[in-house]
Amino acid sequence: MTFPTSHKTVFVMDHSLTTSSGVKLEMDSFSKSRSSSGSNSQPLVQPMNLIPLLPVTKSLWTCAVEAITEYCRIVWDIFPGTRLIRFIAVDKTTHKLSSWNLEDQSLTNLMNAFMMLGPAKNVGVGKLDLLKGLRAAIEALTEPSAIQHEKRTSLTENATKVLNKGRIILVTKVDCEEEVKTLKEKFHDTLLHLNKIAASTDNLMAINHCDLVLLNLWPEGPGCPIPRRSWPDVSTIMSCELTNIQGGTALAPKLCNLVLKHYDLASTTVTGIPMKEEQNASSSANYDVELFHPAAAHAAILKGIPAETAHLKTYREGTDYETVTLKWCTPRSNASIELQHCSSAYRITSVDVNSRPSSCLTNFLLNGRWVMLEMPRKSGSKVISHMLACHGGDIYIHTMYTSRSILEDPPSISEGCGGRVTDYRIPDFGELIKANRLAPYPDSALESDDNTTPLEKSREQLSRHTKYWPITLSTTSLFTLGSQIEPLTTLMLKETLTEAEVIECKQVILCLMSMEARGDPLPSPMAGQRGKGMKREDQYRVVWTELEQYLQLHLHSADHEKVLECFMECHNKVETPEYKGDDKVDIDQALKELDDYNYMTEREKADFNLSSGTKHTPAELPIPDSKRRRTAPPPLAPMGRSSGVSLLTLWENKVASEQSRRCLEFQGRLKAEDNVTKLYVSLQKDKDKDEGSRKKTT
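From a predicted model like this one, the values you see are computed outputs, not experimental measurements.

Describing the overall build of the protein
Phase 1 of the analysis: Helix and strand counts for the protein stand at 21 helices and 20 strands.
Phase 2 of the analysis: Counting all 698 residues of the protein, 37% fall into the buried class.
Phase 3 of the analysis: Counting only contacts in the protein whose residues sit at least 6 apart along the sequence, the fraction spanning at least 24 positions is 72%.
Phase 4 of the analysis: A total of about 41800 Å² of accessible surface is found on the protein, and carbon and sulfur atoms cover 53% of it.

Here's what the structure looks like:
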C-alpha cells in the first residue's frame, strides 16, 4: 500500500526569527486621568491627557506562526485524521512540539504548544542548529503513523509493501545560495544514514521518498537576492524546492498557494450570495465566499478542450492561484428527502473563515439547508454542476452529473445536433451488441480449413453487420417495418444461406408486394411529428429503393444473389424467363400470380381450360368480360397456387384492357383500305339494293 507524500508533514521552524516583518499593530491610546472613588463620579477624559503609544510591529516568527496555523486549519478541515502534521522548533536546542497521535492533530493543541514555547529568542541559530532540527524531522518521518503500523503488521500479503513518504518544510531566513546548497547536501547525507538505521530495526520505517521545502522568509522592503529554484531529482529518494516569501501580509496567501499544491486542492468562489446588510436589515447585497476542497471536484467541468473552459477560471485579487467561479442558486431545505444524482462528494473549508459572509454561509448549511451551484456558460441554458450540503456536521461539495442520467426516461424534445433521443435505434443497437459479443475460444478449435482465426471471423461478422446500419429511425424506412421485414434483414447478414432461408427471404419480398397491391399503409418513421407525411405510393417507393440497396450490399454468396434476383424480377428490372408450356412455374412467379380464374364465367373457364396447353402471348390471352367491368385490382392468388399464366403476361393484359377502355379507336380507321374510309356504307348498300331491284323489274 502506497501512502502519499502528504500523509506526513514536519514543520521545522527557526525560533530566532525576531526580525521585524514591517506589519504594524494598531493599539488604542490610554489616558492618565483616573476615576474618583465615588460611584457616581465620571472620569474626565481630556485630549491633552492621551498618551501616544510607540508603533508595534510583528516579527517574522509571529507572521510565520499565524500563516502556518491557517495552513494546518485548511488541511485538518478537509482531511481529518488522514493527513498528519508535526512541529519542531529550533534555537540553541531542538523542541518537539507534537507527535503523530491524532490527539495532537488539532488547532487547540497546536496553539497551546506555541504558547508554551514562547516568543522568538534573539539568539543566533547557525547551520549546525538547523541541521539538528532537520535530523529530528527525518527521525520523525521514520516513525510509522497509526495507520501505517496497522497495515505493516497485518497478516496479509501487502503488509511488506507499505511505502513511507513524507515532506519536511524548513521555515528560516537564508542569506545566500551557498547556505541552501550546504543544507541540501547535508540533509541528503543524513537521510541516507538514518534510512540505514531504520531498515535495521522493526519499529521504524525507511523513507522511500522525502520532499524538502525551504521557505526563506524575508522582511518587507527590498526583494530577496536568492532566486526561487527547485531540484526535483536530487536523488531517487529526495526532491528539494526553495521558495522566497516576503513576511507580513503576503505570507498567508503564499502559504495558501503551497497548501493547494501540497495536498492537490482547488479553489471555488461562490458568487452572488444574497445577504442582509449588517447595518440595515431591510436591504440586502450579494457577497462572494471562497472555498478550498480537493481538486477532483472540478474534474467533470474542466475536462475537454481548455479553450472552452477557460472562462471558468479567474484570479482573485492578491492571490497567484486560479479559482473557479460558480453562481449561487435558490437553496432548498429538503435535502434529506430528495436524492440528487451526484458522482462524488468532498469536504470543504472556507478560506477566510472569520469573515461575516463565510460565517453566514457555514451556519446556513449547518442548519440543514443545501445550495445548488450553477456553472456559468457563454450560451444556452444554465447547468447545475455542484451542490453544497452538510452531512454529520461536515460540509461537502457534491459533483453533479451534467450529462443525462441513465435513471431518467428519454425525453421527447429535440436536444442539439443529435436529434431526438427517442429517434435512436436503441433496442436494435442492443441486439447488434449481443450478436457481436466476444467469447473465449478453445485451443482445439483454432485450427480451421481456411486458416482463419476467431478474431478475424469476428471482424468479418462485425463488418457484415455494419455495412448498412442507420443510426436513427428518421433516416430509414426499411427498419421501421419491424416484423414485416423479418427475417430478411437477419438472414441476409449470414455468411451463407440454405434453400429454406432463401425461400423465407423471397416470401418477405412477395408479402411486401402483396401489401402494396392491397393498399396497406406502412408505419411511418415520422410518426408523432408535426407536418404532412408521405403518400402511400412514395412510402413504398422509398422502401423498395432502400431494400434494393440493402440486398446489393449483402451479396456474400450465390444464395444471397438469388434473393436479389427475385427482387429484380418482381420489379421488372431484368428480363423475365419465357414461359414454356407444361413446365413448372418458378416459385416466385407462383406466389405472385393473380387469381383471375375465379372471376371468369363458366364459358370463359371452359375456353381457358381448352387453351391452357398452348403457348399464349399477351395479345392472344383471353380477357374475361367480368374483369373488364371491374375497376378494383383483382386479389392475389393464394401462396403456392399457379394458374399457368406468368405475372408479366397478366400485367400486360391488364394494361391492354385499361387502354382499350380508355382509348377506343375509330372503327372507320380500323377498316380503312389504303388509308381511305367510305362513309355511310349502309346508305350505299341501300342505294345499291334499290338499283338492283329496278333492274330486275325492267
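Considering helix H15 (residues 558-570)
Phase 1 of the analysis: The end-to-end C-alpha separation of H15 is 19 Å, in line with the 18 Å expected for 13 residues at 1.5 Å each.
Phase 2 of the analysis: By the burial criterion, the buried members of H15 are Asp559, His560, Val563, Leu564, Cys566, Phe567, Met568 and Cys570.
Phase 3 of the analysis: One or two steps after H15, the chain reaches Asn572, where phi turns positive at roughly 55°.

Quick look at the pattern of salt bridges
Phase 1 of the analysis: This structure, assessed with the given rule, holds 20 salt bridges.
Phase 2 of the analysis: With a shortest N-O distance of 3.1 Å, Lys261 and Glu241 are connected by a salt bridge. Placement of the pair is Lys261 in helix H6 (residues 251-262) and Glu241 in strand E11 (residues 238-246), with a sequence separation of 20 residues.
Phase 3 of the analysis: Since its relative accessible area comes to 7%, Glu241 is described here as buried.

Observations concerning the sheet that holds strand E10 (residues 229-235)
Within a beta sheet, neighbouring strands are joined by backbone hydrogen bonds and run either parallel or antiparallel to one another.
Phase 1 of the analysis: Taken together, 7 strands build an open sheet; the order of strands is E7-E6-E1-E8-E9-E11-E10 and the sheet is mixed. At either margin of the open sheet sits one strand with a lone partner, and together these are strand E7 (94-96) and E10. Strand-to-strand twist in this sheet, taken as the mean axis angle between neighbours without regard to direction, amounts to 20°.
Phase 2 of the analysis: As paired strands, E10 and E11 are joined by 4 bridges and run antiparallel to one another. Within E11, the position partnered with Trp231 by the bridge is Cys240.
Phase 3 of the analysis: Strands in contact with helix H1 (residues 60-78) are strand E1 (8-14), strand E6 (84-90), strand E8 (165-172) and strand E9 (209-218); relative to E1, the strand with the most contacts, it is inclined by about 170°.
Phase 4 of the analysis: Contacts between H6 and the sheet are confined to E8, E9 and E11, with E11 contributing the most and set at about 155° to the helix.

Observations regarding the packing of helix H3 (residues 127-142) against helix H5 (residues 177-199)
Phase 1 of the analysis: Interaxial distance between H3 and H5 falls to 10 Å at its minimum, and their mutual angle equals 35°. Here H3 runs over H5; the crossing is right-handed. Residues Lys127, Leu130, Leu131, Leu134, Arg135, Ile138, Glu139 and Thr142 of H3 touch H5, and the partners they reach there are Glu179, Thr182, Leu183, Lys186, Phe187, Thr190, Leu191, His193, Leu194 and Ala198.
Phase 2 of the analysis: Across the contact of H3 with H5, the residue classes tally to 9 nonpolar, 4 polar and 5 charged.

Thoughts on the nonpolar core
Phase 1 of the analysis: Judged by nonpolar contacts, the single largest core of 40 residues is most densely connected at Phe11, Met13, Ile85, Phe87, Val171 and Phe292.
Phase 2 of the analysis: Sorting the residues of this core by element identifies E1, H1, E6, helix H2 (107-117), E8, E9 and H6 as the ones contributing at least two each.
Phase 3 of the analysis: Top contributing element to this core by residue count: H1, with 13 residues.
Phase 4 of the analysis: Taken domain by domain, this core gets at least three of its residues from each of domain 1 (5-26 + 55-259) and domain 2 (266-400).
Phase 5 of the analysis: Once residues within four sequence positions are removed from consideration, Phe292 is found in contact with Ile74, Ile78, Cys256, Val259, Leu260, Ala266, Ser267, Tyr321, Arg347, Ile348, Thr349 and Val351.
Phase 6 of the analysis: In terms of nonpolar packing, the next biggest core, distinct from the first, is built from 32 residues, Leu170, Val180, Leu183 and Cys210 among them.

Thoughts on the packing of aromatic side chains
Phase 1 of the analysis: Tallied over the entire structure, the rule returns 13 aromatic pairs.
Phase 2 of the analysis: Considering the side-chain rings of Trp328 and Phe364, the 5.8 Å spacing of their centres and the 55° angle between planes classify their relative orientation as tilted. Placement of the pair is Trp328 in strand E15 (residues 322-328) and Phe364 in helix H9 (residues 356-366), with a sequence separation of 36 residues.
Phase 3 of the analysis: Judged by relative accessible area, Trp328 falls into the buried class, the value being 13%.
Phase 4 of the analysis: An angle of 70° between the planes, with centres 6.1 Å apart, marks the rings of Phe429 and Trp469 as edge-to-face. With a gap of 40 residues between them, Phe429 in helix H10 (residues 426-435) and Trp469 in the loop between helix H11 (454-465) and helix H12 (488-491) connect regions that are remote in the sequence.
Phase 5 of the analysis: Given a relative accessible area of 44%, Phe429 falls into the partly exposed group.
Phase 6 of the analysis: Within the aromatic cluster, the residues linked to one another by ring pairs are Phe11, Trp61, Tyr71, Phe79, Phe87, Phe114 and Tyr263.
Phase 7 of the analysis: If you follow Arg425 out to its NZ or CZ, it ends over the ring of Phe479, 4.4 Å from the centre.

Digging into the side chain of Ser385
Phase 1 of the analysis: Along the chain, Ser385 falls in strand E19 (residues 383-391).
Phase 2 of the analysis: A polar atom in the side chain of Ser385 sits 2.9 Å from the side chain of His386.
Phase 3 of the analysis: With sequence-adjacent residues up to four places away left out, Ser385 is seen in contact with Ile301, Leu326, Leu373, Glu374, Met375, His398, Thr399, Met400 and Thr402.

Concerning a negative patch on the surface
Phase 1 of the analysis: A surface patch of like charges, here negative, comprises Asp686, Asp688, Asp690 and Glu691.
Phase 2 of the analysis: Mapped onto the elements of the fold, Asp686 is located in helix H21 (residues 681-697).

Here we look at unusual backbone geometry
With the exception of glycine, most residues fall at negative phi, and the peptide bonds are largely trans.
Phase 1 of the analysis: Pro487 follows Glu486 through a cis peptide bond whose omega is 5°.
Phase 2 of the analysis: Tracing the backbone shows Pro487 in the loop between H11 and H12.
Phase 3 of the analysis: One non-glycine residue with positive phi stands out, namely Asp264, at about 55°.
Phase 4 of the analysis: With respect to the element layout, Asp264 can be found in the loop between H6 and strand E12 (265-276).

A word on the pairing of E9
Phase 1 of the analysis: Counting buried positions along E9 gives 9 out of 10 residues, so the element sits mostly inside the fold.
Phase 2 of the analysis: Two strands pair when backbone bridges link them, and E8 and E9 are joined in this way by 8 bridges, in the parallel orientation. Looking at the pairing, Leu170 lines up with Leu214 of E9.
Phase 3 of the analysis: You can see the chain leave E8, run along H5 and come back into E9, and the turn it takes is right-handed.

Let's talk about the pairing of strand E20 (residues 394-400)
Phase 1 of the analysis: In terms of residue burial, E20 counts as a mostly covered element, since 6 of its 7 residues are buried.
Phase 2 of the analysis: Here strand E16 (residues 342-347) pairs with E20 via 5 bridges, running antiparallel. Its bridge partner lying in E20, Tyr346 is registered against Ile397.
Phase 3 of the analysis: Of the pairings in the sheet, the one linking E19 to E20 comprises 6 bridges and is antiparallel in character. Paired with Ala389 across the strands is Tyr396, a residue of E20.

Section: H9
Phase 1 of the analysis: What H9 keeps buried is the set Pro357, Ser358, Leu361 and Leu365. Buried residues of H9, viewed axially, fall in a sector of 100°; they line one side.
Phase 2 of the analysis: Immediately downstream of H9, the backbone of Gly368 shows phi near 95°, a positive value.

Re the packing of helix H13 (residues 499-518) against helix H14 (residues 536-553)
Phase 1 of the analysis: For the pair H13 and H14, the least separation of the axes is 12 Å and the interaxial angle reads 170°. Comparing the axis directions of H13 and H14 gives the class roughly antiparallel. Between H13 and H14, the contacting residues are Ile509, Leu512, Met513, Met515 and Glu516 on the first element and Tyr540, Trp544, Leu547 and Leu551 on the second.
Phase 2 of the analysis: Across the contact of H13 with H14, the residue classes tally to 8 nonpolar, no polar and 1 charged.

Calculation criteria
Residue indices follow the written sequence of each chain, beginning from 1 at its first position. Confidence filtering applies because this is a predicted model: local features only for residues at pLDDT of at least 70, side-chain atom pairs given and counted only at 80 or more, and all residues used for totals across whole chains, interfaces and linings. Values reported for side chains reflect all heavy atoms of the structure, with hydrogen atoms and water molecules removed beforehand. Only DSSP runs of H or I covering at least 4 residues are called helices, and only runs of E covering at least 2 are called strands; the numbering of each starts at the N terminus. Whether a residue is buried, partly exposed or exposed follows from its accessible area with a 1.4 Å probe, protein chains only, as a fraction of its type maximum: under 20%, in between, or over 50%, in that order. Two residues form a contact once any of their heavy atoms are found within 4.5 Å. Accessible areas in this description were obtained via Shrake-Rupley with a 1.4 Å probe; residue shielding takes into account the shown protein chains only. One less than the residue count of a helix, multiplied by 1.5 Å, gives the span that helix is expected to have. When a carboxyl oxygen of Asp or Glu lies within 4 Å of a side-chain nitrogen of Lys or Arg, that pair is called a salt bridge. Pairing between two strands is assigned when DSSP locates at least 2 bridges connecting them. Only the stretch in contact is used when fitting a helix axis, every axis being a line fitted to C-alpha atoms; angles between N-to-C directions are given from 0 to 180 degrees. Two helices cross in a left-handed way if the nearer one is turned anticlockwise from the farther one by less than a right angle. They cross in a right-handed way if the turn is clockwise. Residues were grouped as follows: Ala, Val, Leu, Ile, Met, Phe, Trp, Tyr, Cys and Pro as nonpolar; Asp, Glu, Lys and Arg as charged; and all remaining residues, including Gly, as polar. Think of a nonpolar core as a cluster: buried Ala, Val, Leu, Ile, Met, Phe, Trp, Tyr and Cys residues, connected wherever their side-chain atoms sit within 4.5 Å. For the purposes of this description, domain bounds are those given by an automatic or database domain assignment. When two rings of Phe, Tyr or Trp (its six-membered ring) have centres within 6.5 Å they constitute a pair, described as stacked for plane angles under 30 degrees, edge-to-face for angles over 60, and tilted for the intermediate range. A ring is considered to have a charge above it if a Lys NZ or an Arg CZ atom is located within 6 Å of its centre and within 35 degrees of its normal. Polar contact is defined as a pair of N or O atoms within 3.5 Å, subject to the rule that within protein one atom must be able to donate a hydrogen and the other to accept it, and that residues adjacent in sequence are counted only when both atoms are side-chain atoms. Note on patches: the residues involved have over 30% relative accessible area and no salt bridge, like charges join within 9 Å, and the nonpolar side chains Val, Leu, Ile, Met, Phe, Trp and Tyr join within 5 Å. Note that His is not counted, nor are the chain ends; the positive residues are Lys and Arg, and the negative ones are Asp and Glu. Note that the charge is assigned to NZ on lysines, CZ on arginines, CG on aspartates and CD on glutamates. Orient the strands so they point away from the viewer, and a crossover whose first-strand-to-second-strand path over the helix runs clockwise is right-handed. Comment: arc refers to directions from the helix axis out to C-beta atoms. For classification, angles of less than 35 degrees are called roughly parallel, those exceeding 145 degrees roughly antiparallel, those between 65 and 115 degrees roughly perpendicular, and all remaining angles oblique.

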